Amino acid sequence: GPGVAPAGEDAELAAVIGATVPTGFELMAAEEVQEKLGSASRISRDRGKIYFEVPARGLPQVHRLRSVDNLFVVVQEFKDYQFKETKEDALKDLEDLVKKLPWTDPLKVWELNNSLKKKKTKRKKHNPQSTVRKEKLNSDTEEKEADQKDAKKEEDCAQDTAGVEPADDAKDELQAGAGTETKTGDSRTNDGEAKVLKFRVTCNRAGDKHSFTSNEAARDFGGAVQEHFQWKADMTNFDVEVLLNIHNNEVVVGIALTEESLHRRNITHFGPTTLRSTLAYGMLRLCDPQPTDIIIDPMCGTGAIPIEGATEWPSCYHIAGDNNPQAVKRAANNICSLLKKNENKESSASPGIPLDIIQWDICNLPLRTGSVDIIVSDMPFGKRIGSKKKNWDLYPACLTEMGRICTPGTGRAVLLTQDKKCFAKALSRLGHIWRRGQTVWVNVGGLHAAVYLLRRTWERAEEKRSFW
Amino acid sequence: MKLLTHNLLCSNVRGLRPGGGFPLRIQVRACPSVPAVEVLEGFLQCPDSGRQFPISRGIPNMLLSEEEA
């Protein structure tokens, strides 16, 4: 099994990291990687994934990427894997592959990553909200599943494992909020004796020419992994998650570095349609915010976008607004949680966050004409909140009012909507106010949506209606 | 509500003169030793119509009623 690397070797250790990002924002994520890590990325044909190389000591910075949902270390990539004809042969082939793979370095990276995670858990106070967060995550998933009947199913995404019964020992340091009580016995186990590791295999398979299912591949590959390492298979309390990603002829074997998606990081109080932080980040990046820009989200919901904005672009000023009192309350609570988190990090003064919340009506905003540089928002989807009929009236009114408050010439808006027809129609009547820029096609909870970048024309808006 | 936000806010009451409704008057319980940099409780008053918008827990409520809108 993998031992602890001798001191000094880790400095030269490099890793190829795979990152999952919101589909459509691969280029944006690659930009962030270039900016923050100095590494160039490859964008996979398997959408929503990028690959880049970093020295192992760069792992902490990798975890701070804002456009990334999940991370894994690549064991090996096969650009054009030749699968054997029959199911039996193809599966046997995958089994035989296990002992040929270069596991050593990736496992060192996995270990290093673990020690980083443990440091994080030690710093975190026991947070009762984390259980609330997990419950809400489940209800959100249920909602997504209901929506998915609308989605085009092109991938066979079975989360398969070669696991058996869960381990008796419930203690698992990888669970969030586990606290800091590590018995002396445990720390000795990690450094000295080789603890038997628990693992599972997750297989994602896409393509119509394979003779086997993801279930079968996970099962057989997992069997070979168990044989090779003498690890114990465990579906729920695993230490190592081996990833087997098969996309047509592209096969990638990896080891997961994140156990829960980073995209929920900012939000502790969920609403029914809370936007992923990674998607919020991508939308904000699309506006190219400049220092001192005023950025507003006039339909903020639980505040995912303004909170991400205030965190990543602190030299801009952010205002969140919504007409719904529950949304405003939740957004305020999320900001409080963020303030408390900042308070814990720094010992004395917490500098505050350049973010404010207002309760208002999107169709009659209490904002001065031309006073806002950027508008970023997740427009109500017909199927999730409101109705398609309401959108027909709402969209033109929204776009008009947003046009009024936005600075002519330099202002811009980035708007996410699933109701593309309605949006296009509303926009077609406002060509004197908004010019269409880039469009990014995204997937939100199984629904095909679009992110539109709009640029404000130089034409001045009328002052607010004085008489009616 | 922070001061910078106040710079951007204006009254959305109907029927105001062009350019009216700005700046909103900040009304807080007088506390002479503490300058109001962030208003947690108080009111914003439209200088033209006199309409008051409440601020509660730092959040201004700028929604007009059905009749006003």
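- As annotated in an unreviewed UniProt entry, chain B carries the name Multifunctional methyltransferase subunit TRM112-like protein and comes from Probosciger aterrimus.

- In the nomenclature of an unreviewed UniProt entry, chain A is known as THUM3 protein of Probosciger aterrimus.
- For the record of chain A, the UniProt heading Sequence similarities (unreviewed entry) holds the text "Belongs to the methyltransferase superfamily."
- If you open the UniProt record of chain A and go to Subcellular location (unreviewed entry), you find "Cytoplasm".

## Brief notes about the pairing of strand β3 (residues 49-55) of chain A
Residue and element names in this part refer to chain A.
Point 1. The buried fraction of β3 is high, at five of seven residues.
Point 2. Note that strand β1 (residues 14-20) and β3 share seven bridges and pair antiparallel. Among the inter-strand pairings, alanine 15 is bridged to a residue of β3, identified as valine 54.
Point 3. Where strand β2 (residues 41-43) and β3 come together, three bridges link them in antiparallel fashion.

## Observations regarding the pattern of salt bridges
Residues and elements named next belong to chain A.
Point 1. The tally for this structure, following the rule as stated, stands at 21 salt bridges over all chains.
Point 2. Close ionic contact of arginine 66 with glutamate 312 constitutes a salt bridge, the shortest N to O distance being 3.7 Å. In this pair, arginine 66 sits in the loop between α2 (59-63) and β4 (70-78) while glutamate 312 sits in helix α9 (residues 304-312), placing the two residues 246 residues apart along the sequence.
Point 3. Since its relative accessible area comes to 12%, arginine 66 is described here as buried.
Point 4. One salt bridge in this structure joins aspartate 220 and arginine 219, with 2.9 Å as the shortest N-O distance.
Point 5. On the basis of relative accessible area, arginine 219 is assigned to the partly exposed category, the value being 45%.
Point 6. Each member of the salt-bridge network shares a partner with another, and the members are Glu32, Lys36, Arg66, Glu308 and Glu312.

## As for the environment of Val376(A)
Residues and elements named next belong to chain A.
Point 1. Counting through the fold element by element, valine 376 comes out in strand β12 (residues 374-378).
Point 2. Note on valine 376: relative accessible area 0%, which makes it buried.
Point 3. For the pair valine 376 and leucine 284, spaced 92 residues apart in the sequence, the C-alpha separation amounts to 6.9 Å.
Point 4. With near-sequence residues (within four places) excluded, valine 376 lies in contact with Met283, Leu284, Cys287, Ile295, Ile296, Asp297, Pro298, Ile305 and Val414.

Criteria and cut-off values
Numbering of residues starts from 1 in each chain and follows the order in which that chain's sequence is written. Numbering of ligands from 1 and lettering of chains from A proceed in the order in which they are written. Predicted model: local features are reported for residues with pLDDT of at least 70 only, side-chain atom pairs are reported and counted for 80 or more only, and whole-chain, interface and lining totals are derived from all residues. Each side-chain value is derived from all of the structure's non-hydrogen atoms; neither hydrogens nor water enter the calculation. UniProt positions are given in the numbering used here, feature names are shortened, and annotations may be inferred rather than shown by experiment. Only protein chains enter the area calculation, which uses a 1.4 Å probe; residues under 20% of their type maximum are buried, those over 50% are exposed, and those in between are partly exposed. To qualify as a helix, a DSSP run of H or I must reach at least 4 residues; to qualify as a strand, a run of E must reach at least 2; elements of each kind are numbered from the N terminus. Two strands are counted as paired when DSSP detects at least two bridges linking them. Salt bridge criterion: a side-chain nitrogen from Lys or Arg within 4 Å of a carboxyl oxygen from Asp or Glu. What makes two residues a contact is simply this: any of their non-hydrogen atoms within 4.5 Å.

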